[in-house]
Every structure is written in C-alpha cells, then in structure tokens.
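Geometric and topological summary
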Amino acid sequence: MGESRPEVAATLRALNGALGRPAALWVKESSARNLRHRDFLAPQAALRAAFPGGQVPPEAVSAVPSLRGPAVLPLRVCRQTPAGLEVQVRRPEAFQRLLGPLPGPAPPAAGTRTGCVVLHCPALRSPAALRPRHLRSVLLADHLAQLLHAQGVGVRLVPALSEERSWDILRQLRIDWPSSSSASSLADAVSALKGVLGRCPCAAACEQGPGTAEGVVCKVQLKSFVEQQGLLGYDPNLDALLVTEGTLLSLAELQEAVLQCSVSDPTAPCASCFQSQSSCCSIVHVVNCEEEFQQQQLDVLWRILDPGAHTALQKHLVCGPVKVTNPSSPIEADQYFQLRKRQMYEASVMKYGELAQDEAWTEVIDTLTVAAIRFEMLSTAHRSQITLDLENNGISTKGTKSGAFVMYNCARLATLFNTFHQAVERGTYPPLPPVSELNFSCLREEGEWLLLFNYLLPFPEVLQQASQLPPPSKGIRITANTETICKFLIQLSMDFSSYYNRVHILGEPFPHLYDQMFARLQLLGALRDVFHNALATLHLPPLSQI
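What you see as residue numbers is a count from 1 along each chain, following the sequence as written. Given that this is a predicted model, residues contribute local features only at a pLDDT of at least 70 and side-chain atom pairs are listed and counted only at 80 or more, while totals for whole chains, interfaces and linings are drawn from all residues. The basis for every side-chain value is the complete set of heavy atoms in the structure, and neither hydrogens nor water enter the calculation.

We call two strands paired when DSSP finds no fewer than two bridges between them. Labels follow the DSSP assignment, with helices taken as runs of H or I lasting at least four residues and strands as runs of E lasting at least two, numbered in each case from the N terminus. Taking strand neighbours across the sheet as the criterion, the four strands line up as 6-5-12-13 in an open arrangement whose pairing is parallel. At either margin of the open sheet sits one strand with a lone partner, and together these are strand 6 (154-158) and strand 13 (314-319). Each neighbouring strand pair of the sheet contributes to a mean axis angle of 25 degrees, computed without reference to strand direction. Whether two residues are in contact is decided by their heavy atoms, any of which lying within 4.5 Å being enough. Note on definitions: angles span 0 to 180 degrees between N-to-C directions of axes, and those axes are lines fitted to C-alpha atoms, for helices only across the stretch in contact. Where helix 6 (residues 132-150) meets the sheet, it contacts strand 5 (116-120), strand 6, strand 12 (281-288) and strand 13, and its direction lies at approximately 150 degrees from that of strand 12. Most of the contacts of helix 11 (residues 292-305) go to strand 13, to which it runs at about 175 degrees, and overall it touches strand 5, strand 12 and strand 13.

Okay, structure coming up:
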C-alpha cells in the first residue's frame, strides 16, 4: 500500500476501526504535558461506555501498533493506563513522512473544482460611509473567499464596487473586491424582474403619495409567502416590502453572479454545497446583525421572483455587533484604520526607537496595522460581539494575542533563513542538503514534536475545516469557523516563540552538529510555509524584517 501525507482524520479513523466500535473513541492530544508520554488517547470514560468494565480485548490493543494506511501515522506502542488507552507515534518516521519527499505520484492538484459559492456582502451597498460593524462583515467575506479558493471552490463576490465613490479603506486593508463602472449592464435583468413583478400575485401597485420613497416600483406581501411555503428562521415581523429600483438592481446583480457560476461550471448539478463538497452554486449573505432584517426581506423577494433551486440555497452568515467603547462620536471605518495605524506607529517607536521612524518601515507599519485590524475583527467567533477600545491603546507589539505578534514571529523565521543563507555564502556553513539525506532522528526536543504534531500535520485539515459551510439545523442561519485561522496562527506563534527562545538553531560551524541543525531548518522551513499559506487567506504578506 503506497504512502501519502499523514492526516489526523485518517489516523483517528484507523484507530477507531481497530477497536471495532462505531463510536469515535479516540482524541488527538495537543498539550505539551500530555505529548510527553502519549499522542492519542481513548479516554477511560469512553472505553467504559464501549467495553465491559472499560477493558479493551488484548488482541485489539496488540493490533493497534501494526495499523497501516496511506495517510495513517506510523504507531509505536499502545497501552492501557488509568487515563485510558494511550498510543504513541513513531516520531522519527513521522518527521520523515511529513518533512521528507513523498514517494510515488504527486497528490491531486489543490485547485480541483468543487462547486461555486456566491458571497454577498450587503454592507458594501450602504450609501453612507462604512463603519466598523460594516468592516467586520466585509473582512469576514474576504477571508472566507480566500479559504474557499484554497479548497478549489469557485467564489463570486457581490456587490461589485461602484467607482462613483472612494473605497480607499478596502485598499488599505488589502481587501480584493471586484468593481464595476456602472449598472447599465444589468438594465435588461432589472426590466425582466419588473415584468415578473407585474404578474406576481404577492405584488400590488403602490400609490405615489407625499410619504412614498423615491423610485418605489410596487409593494410585495412577504409574510403570506413565507407562511405558504413553510419557510423557517425568518423574522416574524416580515410583512409588506416596498420594492425600489435599487432593490431590483441588487437582485439582478445576485442573479448575474449565479449565472456566472453556471457558465464557469456548466456541468455542475444543483446540489447543496452546504451538505457536501459536490459541485453546486450556493448563496451566502454575510451580514451584520443590524442589517439582518433587511437582508431577509431581499431573500424572500428573490424567492418570490425567481423560484429556482439556487434561491432555495440562500443562507445567512450573521456577524455579531461591534461595540465601540467611549467614542466621542460615531467612528467611521477609515478613522478606525488611521487610529490603529497611529497606535501601531507609536508602539513600534517605543520598541524599536528611531529605527521605526525610517521610511523603509512605512510598509512594515502598514502591514502590521492591517494584521492588527484583521485579527481584532476575525479572531472572535462571528456570532459573538466584538468590543473595540479606542481610548486605551489596543495595539501592542508585545501581546501574544495580536496580529502584530503573529507577523513578528513570521519575520523571525525570515530573519533566521536570511542569516543562514548569508552564512552559507560566506562559507560558514555548507548548503542545506537534499531532504532525502537529512537525519530526522536528531529532532528530539519536545518543542519540535509539538510544532510538527499540532501545526504542520493538521494544517491542511485546519484549512478545510475553516472553509466548511455546514447546513443549518433549521432555518436560514449558518455558522462558520471563520475564527479558526487567526486562532491557529496565534497559538502557532506562541509555541514557535517559546521554542525559538529556548533552542539555538544556528550553532557553531562544527560538522558533528550539522545533522541536527539541518533537520531543524527543514522543520522550520515547513512551518514558514504554514505561516505564509495561512496569512495568505488573510491577504497578509509575510514580513522579511521587523
């Protein structure tokens, strides 16, 4: 049986299968204390529920170390302890399989298409200036788009940005959003929707009186449609909606995005992307809680006017409130950015002195500011409230929970490899040998196993989990793990920083020390790739200095 890159999920499946029980009994360990003596555990409480007295048959225990599979980690020992059934991995072999060359054919390309998702961010339709609450949903949609792209899912971002207003704040935050010069290309679609409205039994003409909003086309009864269709999860206060030209333009743009998905993947069956990774076109409205009601109105109207399968796949990913403490007046998104940028500059000057005032640091300060804001907005579960403290400096180059801390550790890795390559050019060290010649049995420091087992090993699965859009139990709301990548990077930075402060990587240039140094460099080079790939989902470039 050929070997491939080990996976946590594949190893857990093999361990559960070895015990012959349908229940998931095993868990992966992650704490440094537990990893000193075990890597996987079947807790005693779970064993008692699955086996009489919690005693696993000896033949099942003895069979565990011989488990094999293309993506199963090599296992060394399995023993029953008071904590439960404990398994250790054959670590040198695991290092070799994760850091060394993979035998056999290359794995399938990561960009294999698995459907299409339309991400709709209504905050970008706001005629007023963006505020932090709008920024949260935009940043979340941008991050989710990158995560889906990384899994080979096609993404269409709606609405296109109008060139009639400035979007400097989006450019400053490195948000890559499509733009459009005018709405004229959607005129035919809007006209068609008006024709459907004219034949719609839920629609009625609206008399133009003094209090009628400009551009109103008609009035549509939403509540009766929701009740007739038995739709769940909608606000009970949904009633009549005054449909305007702007409303129809929004629907036309959504329809065009769905059509583009179909054109780019014409063979895609209309199956729910929320239930599987099969090809499909699903619509996710990423909306802040204050605008959820208006988006529900648009959702129902679209179902009425276009009762196709794609409108039935509409789901709402709702962001919790953004509370700004002690604002002297309502703060706009660009003011928030400039405030955080000034705070980042002041914090950098305090830490690095005059060096941080050099012109070369302008880009560094900009990147650190973007990282600070993105982590401030995205490291909390999207359903929860975020509190922005603008009076006290919420920006720090020292705190371990911030985007600046993550970027700092990424830069430390860059500096390490720059130093090594410069030493190679001076003849201090020989070049890094081919990976097939490295001796990974030299990696015995507990921090090295922790970095490989908790970050390098599960990273592809972390990316996949972060991009999943699970189906709602009922109704229209969905929950996504959009905070996963930020939390992963923060924890990785903390453990890497601890290891880097404790272990001297580039030692004296003595040949008998090279095996360990080269193996460590290979491990840290792989971790550098993890940093870069994770930061790419946040539109953050790695820093080469800090």
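After presenting the structure, the write-up continues.
Looking now at the packing of helix 14 (residues 361-378) against helix 15 (residues 403-426). When two helices pack together, their arrangement is given by the angle between their axes and by how far apart the axes lie. One can describe the packing of helix 14 onto helix 15 by two numbers: an axis separation of 7 Å at closest approach and a directional angle of 130 degrees. Taken together, helix 14 and helix 15 sit at an angle that is classed as oblique. Mapping the contact onto sequence places T367, L368, A371, A372 and F375 in helix 14 and G403, A404, V406 and M407 in helix 15. Polar here means any residue outside two lists: the nonpolar Ala, Val, Leu, Ile, Met, Phe, Trp, Tyr, Cys and Pro, and the charged Asp, Glu, Lys and Arg; Gly therefore counts as polar. In the contact of helix 14 with helix 15, the residues fall into seven nonpolar, two polar and no charged. In what follows, roughly perpendicular refers to angles from 65 to 115 degrees, roughly parallel to angles under 35, roughly antiparallel to angles over 145, and oblique to any angle outside these ranges.

Soluble globular proteins: nonpolar side chains tend toward being buried together. Ranked by size, the top nonpolar core spans 133 residues in total, and within it W26 and L119 carry the most contacts. Leaving out residues up to four positions away in the same chain, W26 has contacts with L12, L15, N16, L19, F40, L41, A42, C78, L85 and V87. For the purposes of this section, nonpolar cores are sets of buried Ala, Val, Leu, Ile, Met, Phe, Trp, Tyr and Cys residues that join through side-chain atoms within 4.5 Å. For every residue, the accessible area obtained with a 1.4 Å probe (protein chains only) is divided by the maximum for its type, and the residue is called buried under 20%, exposed over 50%, and partly exposed between those limits. The next biggest cluster of nonpolar side chains, apart from the first, holds 34 residues, and it includes L193, V220, L238 and L254.

Now for the state of the cysteines. Working definition: a disulfide is two cysteine sulfur atoms within 2.5 Å of each other. Per the counting criterion, the structure on display carries one disulfide. The thiol of C289 is not disulfide-bonded; the next cysteine sulfur, from C319, is found 8.3 Å away. Given the relative accessible area of 31%, C289 is considered partly exposed.

The next subject is the pattern of salt bridges. A pair is scored as a salt bridge if a Lys or Arg side-chain nitrogen falls within 4 Å of a carboxyl oxygen belonging to Asp or Glu. Going through the model one piece at a time under the given rule, you end up with 19 salt bridges. Note that E86 and R38 form a salt bridge whose closest N and O atoms lie 2.7 Å from each other. Placement of E86 in strand 4 (residues 84-89) and of R38 in the loop between helix 2 (32-35) and strand 2 (40-43) is noted, with a sequence separation of 48 residues between them. Per residue, the accessibility class of E86 equals that of R38, and both read buried. The partner of E448 in a salt bridge is R520, and the shortest N-O contact between them spans 2.6 Å. Here the residue E448 occupies a position in helix 16 (residues 446-456), and R520 occupies one in helix 19 (residues 511-536), the gap between them amounting to 72 residues. Judged on exposure class, the residue E448 and its partner R520 are both buried. One continuous salt-bridge network, built from bridges that share partners, spans E29, R38, R79 and E86.

With that out of the way, let us pick up helix 11. The span one expects for a helix is its residue count, reduced by one, times 1.5 Å. Taking 1.5 Å per residue as the helical rise, helix 11 with its 14 residues ought to reach 20 Å, and the 20 Å between its terminal C-alpha atoms agrees with that figure. Within helix 11, 12 of the 14 residues are buried, leaving the element largely enclosed by the surrounding structure. Listed as buried for helix 11 are E292, Q295, Q296, Q297, L298, D299, V300, L301, W302, R303, I304 and L305.

The next point concerns the pairing of strand 15 (residues 386-389). Here strand 15 shows a clear split, with I386 and L388 buried on one side and none of T387 and D389 buried on the other. For strand 14 (residues 322-325) and strand 15, the ladder comprises four bridges, and the chain directions are parallel. If you follow K323 over to strand 15, its bridge partner there is T387.

Let's shift gears to the sheet that holds strand 2. In space, the four strands of this open sheet follow the order 1-2-4-3, with antiparallel pairing throughout. The open sheet has two edge strands, strand 1 (27-28) and strand 3 (75-81), and neither has a second partner. As paired strands, strand 1 and strand 2 are joined by two bridges and run antiparallel to one another. Bridge assignment links K28 to a residue of strand 2, and that residue is F40.

A rise of 1.5 Å per residue sets the reference length of helix 8 (residues 187-199), with its 13 residues, at 18 Å; its end C-alpha atoms lie 19 Å apart and thus fit the reference within 8%. Regarding helix 8, the residues found buried are V190, L193 and L197. One side of helix 8 carries all its buried residues, which in axial view fall inside an arc of 60 degrees. Every exposed residue of helix 8 that faces more than 90 degrees away from the buried side is listed here: D188, G198 and R199. The reported arc concerns the directions from the helix axis to the C-beta atoms and nothing else.

To continue, consider the packing of aromatic side chains. For any two aromatic rings, the description comes down to two numbers: the centre-to-centre distance and the angle of the planes. Stacked, edge-to-face and tilted labels apply to pairs of Phe, Tyr and Trp rings (six-membered ring for Trp) whose centres lie within 6.5 Å, assigned for plane angles under 30 degrees, over 60, and everything in between, in that order. Inspection of the entire model under this criterion finds 11 aromatic pairs. Measuring from ring centre to ring centre gives 5.6 Å for F40 and F453, while their planes differ by 85 degrees; the resulting arrangement is edge-to-face. Placement of F40 in strand 2 and of F453 in helix 16 is noted, with a sequence separation of 413 residues between them. Neither F40 nor F453 differs from the other in exposure class; each is buried. The structure contains a cluster of three or more aromatic residues connected by ring pairs, namely F40, F95, W449 and F453. Just above the ring of F417 sits the side chain of R528; from NZ or CZ to the centre is 4.2 Å. Comment: the charge-over-ring label is applied if NZ (Lys) or CZ (Arg) is within 6 Å of the ring centre and within 35 degrees of the ring normal.

With that out of the way, let us pick up the confidence of the model for the protein. Summarising the model, the protein shows a mean pLDDT of 87, and 88% of its residues fall at 70 or more. What pLDDT reports is the predictor's confidence in each residue, on a scale of 0 through 100. Of all secondary-structure elements in the protein, the lowest mean pLDDT belongs to helix 12 (residues 309-312), at 79, while helix 16 reaches the highest, 97. The model gives residues 104-111 a pLDDT under 50, and that stretch makes four contacts with residues more than four places away or in other chains. Under a pLDDT of 50 for its full length, residues 267-279 has, in the predicted model, 35 contacts with residues more than four places off or in other chains.

With that settled, consider the packing of helix 18 (residues 484-502) against helix 19. Here helix 18 crosses helix 19 at 155 degrees, and the two axes come no closer than 11 Å. Looking at the two axes, helix 18 sits roughly antiparallel to helix 19. Between helix 18 and helix 19 the crossing geometry is left-handed. Between helix 18 and helix 19, the residues in contact are I485, F488, L489, L492, S493, F496 and Y499 and R520, L524, L527, V530, F531, A534 and L535, respectively. Here the contact of helix 18 with helix 19 is composed, by residue class, of 12 nonpolar, one polar and one charged. Definitions for this section: a left-handed crossing has its near helix turned counterclockwise from the far helix by less than a right angle. A right-handed crossing has that turn clockwise.

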